[in-house]
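This is what each chain is made of:
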Amino acid sequence: MAETVTVTGNERPKKKKKEHEFILTAKKLLKNKLAVIGLIIIILQVGMAIFAPMMTSHDPVKQNLAASELPIFSEGHWLGTDNYGRDVWSRIVFGSRISLVVGIVAVSLGLLGGVTLGLLGGYYKKLDGIIMRIVDLLFSFPGILLAMLIIAVLGTSLINVAIAISIWSIPACARIVRGSVLSIKEKEYIMAMKSVGASDLRIMFKHILPNCFAPIIVFATMRMATAILSTAALSYLGLGAQPPTPEWGAMISQGQAFMWSSPHLTIIPGIAIMLTVFAFNVVGDGLRDAIDPNMDV
Amino acid sequence: MAVLTEHEAEKLSNHKQVLLEVTGIRKYYPIRGGVLQRVQGNVKAVENVSLQLYEGESLGVVGESGCGKSTLGKAILGLEELTDGKIMFKGKEIQNLKKKEKLKFIKEMQMIFQDPFASLNPRQRIGHALEEVFTIHTNMSAKEKKNTVLDLLKEVGLKEEHYDRYPHEFSGGQRQRIGIARAICLNPSFIICDEAVSALDVSVQAQVLKLLKTLQAKYQLSYMFISHDLGVVRYFCDRVLVMYLGHTVELGSVEDLFNHPLHPYTQALLSAIPRPTVQKKRKRIRLEGDLPNPADPPGGCPFHTRCPIAQDKCKQEKPEWKEYGSDHFAACHFAGQSILA
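Note that residues are indexed from 1 along each chain, following the sequence as it is written. Chains carry letters and ligands carry numbers; both start at the beginning, A for chains and 1 for ligands, and go up in the order they are written. Per-residue local features of the predicted model are confined to residues with pLDDT of at least 70, and side-chain atom pairs are confined, for both listing and counting, to 80 or more; whole-chain, interface and lining totals are unaffected and use all residues. Excluding hydrogens and water, the side-chain figures rest on all heavy atoms present in the structure.

Visitor: Residues and numbers for the overall build of chain B, please.
Guide: Elements are defined by DSSP. Helices are runs of H or I of four residues or more, strands are runs of E of two residues or more, and each kind is numbered from the N terminus. When its secondary structure is counted, chain B shows 11 helices and 12 strands. A compact globule built from 341 residues would reach a C-alpha radius of gyration of about 20 Å, and chain B, at 21 Å, matches this within 12%. Overall, the C-alpha framework of chain B stretches about 70 × 60 × 35 Å when taken along its three principal axes. Counting only residues that meet the buried cut, chain B has 52% of its 341 residues in that class. Whether two residues are in contact is decided by their heavy atoms: any pair within 4.5 Å suffices. For chain B, contacts bridging at least 24 residues in sequence account for 64% of all contacts bridging at least 6. Here chain B carries 46 positive and 40 negative side-chain charges, and the mean point of each set is 3 Å from the other. Just to be clear, the radius of gyration here is over C-alpha atoms, and the globule rule we use is 2.2 Å times residues to the power 0.38. The buried label goes to any residue with under 20% of its type's maximum accessible area, the exposed label to any with over 50%, and the partly exposed label to all in between, with areas taken from a 1.4 Å probe on protein chains only. By the counting rule applied here, Lys and Arg register as positive and Asp and Glu as negative, while His and the ends of each chain are not counted. By convention, the point assigned to a charge is CZ for Arg, NZ for Lys, CD for Glu and CG for Asp.

Here's what the structure looks like:
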């Protein structure tokens, strides 16, 4: 591509246009085999969540007591049925909607709050004391108890579960971001930006934040896993998904009573959770390496 | 005292226009301790420093690590808040300015940093890093900025294709050139070089110094050249300021200071310059002891704990900052007395 740009009189031939940042990152990510596997799993799950009605022949909540506790590979129910005769495959497929949405919403909200607090606390020494004490306060509650408290105030619903989990994620995220900010803000390039007159906001968001991405991404993907597990835990306690809503955690807790007679009721949703957690972790790792310009994969 | 060479005299008479005047600046870092984080004392990084910098000159600032050279530079630029003192730049007071007014002065005063590996954001392409300076200070279009930056890269001896690279793809010398490009891009009149070449190889040092000289001639720049390398200072600077423990110890033209050092500390520093020679071994002055704790500086002359010619007077009285020759200042009760004797 031989584009030319006119420069006050003299012409300057432009070399082949550099690829866009995003494409470069994507290319780097695709070279990482493990990340590709994780990406495929996530894409499959998203597809599963979107096209759920087309992938199942059974209603996930319709009971059929005549066909309860069918083992896997039964006719018409390849993953069997639960104690109410509901198709496990349908419940897994529809459950992915809830798990993914709650996970993504919870992590995004948690990051939004945590990154903001962490940046402000790390950058402004005066705010640091106040913000970190608030964070300590949030930390002092056991996670599940805090989530229960929030849900008790907001009422039982899946969105409130997401909010509760996000609030629970804020302190850890704020701490991690603050730590990185504290070390990065002492770097000479931050001093250099100050010396050319860059504003605080510019320094925080253009120079400090991008250099904190590595720990933030790792945190986000790990938290994604925790969020799904916490949703399951809250559902187990009766605060998350209400029966008969299909939700992986709720499925495990309901299947627990039949561990010995029908182990697939706990194992299959367990595998679903595990695969999701694994996929998000490896993609997160790959992403962290891909966005680091110092890493040539 | 020292007789000025013709060249020197000419230089002085031509460049007598004061660009920057620093009067009695102090920078203390409070030491906090105890349960309530009360201030328990101060680290006196810069103590009562006054100096003048003329237009178009290079002023070297030398001294051991921790003597307050870098802090002095940062304080002048406003990167460190002053504890006390006054800074006049082009006849205007610039300390404690409001943000908006400060931006105007920032255009005039720039800094080149010590570590070329740490002074560039590792996640920013260097083209974008340089463009950002224009984004802050001008409202050029994206195209104008890009073209200016490409010209700038050439000016400091880099190539156009370097525009899209990340800092880690450059060598130390090239990175320092980028740092220089960032410092000169707003057409400043004064640049502080904070150990700008200390992190570089000797051959690269020479190239970078040459570039700095070329730019100085082209844009009538004044430099404040902070360094601990006396050889480089002798080659590069017109005048030299020697600092010890946050105090100014001696100030004079390169000729005067290197040939007729007045202060015993300067004499000791000069004797430490390695010189290849076949003549008889020169006597080397070795300073005993360590730099005193700047949080608890010795009374009287700050140098008396290590000074080979210190007497009782030095322990009690702080020596005055006095002019001993034309533009040759020192702070010593026994200025000019050789410590070799």
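Visitor: Which residues make up the pairing of strand E9 (residues 239-244) of chain B, and what values go with them?
Guide: Residue and element names in this part refer to chain B. The buried count for E9 comes to 6 of 6 residues, which makes it a mostly enclosed element. By the alternation rule, side chains of E9 split into Arg239, Leu241 and Met243 and Val240, Val242 and Tyr244, which are all buried. Here the rule is simple: two strands pair whenever DSSP picks up at least two bridges between them. In this structure, E9 lies alongside strand E10 (residues 247-253), joined through 6 bridges in antiparallel fashion. For Val240, the partnering residue across the bridge sits in E10 and is Gly252. Hairpin connection, E9 to E10: the antiparallel pair is bridged by 2 residues, and Leu245 has positive phi, about 55°.

Visitor: Residues and numbers for the interface of chain B and chain A, please.
Guide: Facing 37 residues of chain B, the contacting portion of chain A comprises 30 residues. Its largest share of buried area at the contact with chain A, chain B owes to B:Asn121, B:Arg123 and B:Glu132, together 22% of the area lost on that side. Throughout this description, the term salt bridge denotes a Lys or Arg side-chain nitrogen within 4 Å of a carboxyl oxygen of Asp or Glu. There are 1 salt bridge connecting chain B and chain A. Its salt-bridge partner being A:Arg202, residue B:Glu132 comes within 2.8 Å of it at the nearest N-O pair. Contributing elements (two or more residues each) for the side of chain B that touches chain A: helix H2 (69-77), helix H3 (99-108), strand E6 (109-112), helix H4 (126-137) and helix H5 (142-155) of chain B. Top contributing element to the side of chain B that touches chain A by residue count: H5(B), with 6 residues. Buried area is calculated as the accessible area (1.4 Å probe) missing from two parts once they are joined, with the contributions of both summed.

Visitor: So what's going on with the packing of aromatic side chains? Residues and values would help.
Guide: Residues and elements named next belong to chain B. Working definition: a ring pair exists when centres of Phe, Tyr or Trp rings (six-membered ring for Trp) sit within 6.5 Å. Plane angles under 30 degrees give stacked, over 60 give edge-to-face, the rest tilted. Here the structure, examined in full by the defined rule, presents 9 aromatic pairs over all chains. Note on Phe89 and Phe190: the rings are 6.3 Å apart at their centroids and 35° apart in plane angle, and the pair reads as tilted. One end of the pair, Phe89, is in strand E4 (residues 84-89); the other, Phe190, is in strand E7 (residues 190-194), with 101 residues separating them in the sequence. Assigned by exposure class, Phe89 and Phe190 land together as buried. Centroid distance Tyr265 to Phe303: 5.1 Å. Interplanar angle 65°. Geometry classified as edge-to-face.

Visitor: Got a sec to walk through the sheet that holds strand E2 (residues 38-54) of chain B? Specific residues and values, please.
Guide: Hydrogen bonds between backbone groups are what pair the strands of a sheet, and the pairing can be parallel or antiparallel. Residues and elements named next belong to chain B. In spatial order, the strands read E2-E1-E4-E5; together these 4 strands make up an open sheet with antiparallel pairing. Looking along the sheet, the strands with just one partner apiece sit at the ends: E2 and strand E5 (92-93). One ladder, built from 12 bridges, connects strand E1 (residues 18-33) with E2; its direction is antiparallel. Considered in E2, the bridge of Ile31 is made with Gly41. Axes, fitted as lines to C-alpha atoms, cover a helix only where it is in contact. Angles between the N-to-C directions of the axes lie from 0 to 180 degrees. Against the sheet, H2 contacts E1, E2 and E4, and its axis sits at roughly 110° relative to E1.

Visitor: Which residues make up the nonpolar core, and what values do they have?
Guide: As a rule of thumb, soluble globular proteins bury nonpolar side chains together. Here, the term nonpolar core denotes a set of buried Ala, Val, Leu, Ile, Met, Phe, Trp, Tyr and Cys residues that are joined through side-chain atoms within 4.5 Å. Residues A:Ile208, B:Ile180, B:Leu212 and B:Phe225 are the most contacted members of the largest nonpolar core, which totals 109 residues. Every residue in contact with A:Ile208, bar those within four places of it in the chain, is listed here: A:Leu119, A:Tyr123, A:Val181, A:Ile184, A:Lys185, A:Ile190 and A:Ile203. In terms of nonpolar packing, the next biggest core, distinct from the first, is built from 35 residues, A:Ala192, B:Leu19, B:Val49 and B:Met111 among them.

Visitor: I'd like a description of the UniProt feature "transmembrane region" (unreviewed entry) in chain A, backed by residues and values.
Guide: UniProt marks residues 34-55, 98-122, 134-152, 158-177, 212-237 and 257-280 of chain A with the feature "transmembrane region" (unreviewed entry), using the numbering shown here. With 89% helix and 0% strand, the stretch residues 134-152 of chain A has end C-alpha atoms that lie 21 Å from each other. UniProt positions are given in the numbering used here, feature names are shortened, and annotations may be inferred rather than shown by experiment.

Visitor: Account for the packing of helix H4 (residues 88-123) of chain A against helix H11 (residues 248-255) of chain A, with residues named and values stated.
Guide: Residue and element names in this part refer to chain A. Relative to each other, H4 and H11 sit at 135°, their axes nearing to 8 Å. Put simply, H4 runs oblique to H11. Residues Val88, Arg91, Ile92, Gly95, Ser96 and Ser99 of H4 lie in contact with H11, whose contacting residues are Trp248, Met251 and Gln254. Note that the term roughly parallel is reserved for angles under 35 degrees, roughly antiparallel for angles over 145, roughly perpendicular for angles of 65 to 115, and oblique for everything else.

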